Amino acid sequence: MATLPVAKVGNPVLRKMAGSVDPAVVPTRAYQQFIDDMFETMDAYEGIGLAAPQVSRSEQLIVMRCDGQDGFPETVLINPRIVFYGPVQAEMWEGCLSVDGLRGKVTRPSSIRVQALDREGRSVDFEAAGLFAVCIQHEMDHLIGKLFLDRMTDLSTLTQLKEFDAYWKQEPATVI
Ligand code: ZN
């Protein structure tokens, strides 16, 4: 296992379209090791999601996990596609391991349906809602060269972490 270096905003790898992963590669020991390294890196920086371009590999792989009441189980999505967006929008604070020290509010569909391969290379098709749906959309944005900053409609909510903790942390996520 290894913690991988995280590409930061300004690194061109974060602005590229990620290539699809050859399903034949997924079961290989090297690729499974890469997935484990992605989780180790995500955990080392206390993230809830990480996309392969963030560790400078421009390919369609994301890993996610979030413990707690509104959390979601360990999830690996390879070559993911969103095939349905629900009609309700959710506004949530987002941050990113590639954008140090900042949070901002982003509005996204609060439910989605996703098709992808899992870490065994099997096809999965599922619906996600709430924080899970937001996290999937945030991570999938990394696969098309987008950051949450690009999704903010009101830049006045851009907040440094210290100020987030002081003024905004208690504010519940609002569904609009
Ligand atoms: Zn991110």
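Residues numbered from 1 in each chain as written. Predicted model: local features only at pLDDT ≥ 70, side-chain atom pairs only at ≥ 80, totals over all residues. Heavy atoms only, no water.

*Asks:* Lay out the coordination of the zinc ion with the relevant residues and their values.
*Replies:* Six octahedrally arranged donors around a metal ideally form angles of 90 or 180 degrees; four tetrahedrally arranged donors ideally form angles of 109.5 degrees. The protein atoms that coordinate the zinc ion are Cys96 (SG), His138 (NE2) and His142 (NE2), at distances spanning 2.1 to 2.3 Å. Read from N- to C-terminus, the donor residues coordinating the zinc ion fall into the pattern C-x41-H-x3-H. Within this pair, histidine 138 and its partner histidine 142 are both found in helix 2 (residues 130-142), separated by 4 residues, close to a single helical turn. Overall, the relative accessible area of 8% leaves histidine 138 in the buried class. On the basis of relative accessibility, which here comes to 1%, the residue histidine 142 falls in the buried class. (Donors = N, O, S within 2.8 Å, 3.2 Å for Na, K, Ca; no water. Helix = DSSP H or I, 4+ residues; strand = E, 2+ residues; numbered from the N terminus. Buried < 20%, exposed > 50% of the residue type's maximum accessible area, 1.4 Å probe, protein only.)

*Asks:* Provide a residue-level description of the side chain of glutamate 139, including the pertinent values.
*Replies:* Its place among the elements puts glutamate 139 in helix 2. Only 3.4 Å separates the side chain of glutamate 139 from the backbone nitrogen of alanine 51, close enough to count as a polar contact. When sequence neighbours within four positions are dropped, the list of residues in contact with glutamate 139 reads Gly49, Leu50, Ala51, Gln54, Ile62 and Met64. (Polar contact = N/O pair within 3.5 Å; in protein donor to acceptor, adjacent residues only side chain to side chain. Contact = heavy atoms within 4.5 Å.)

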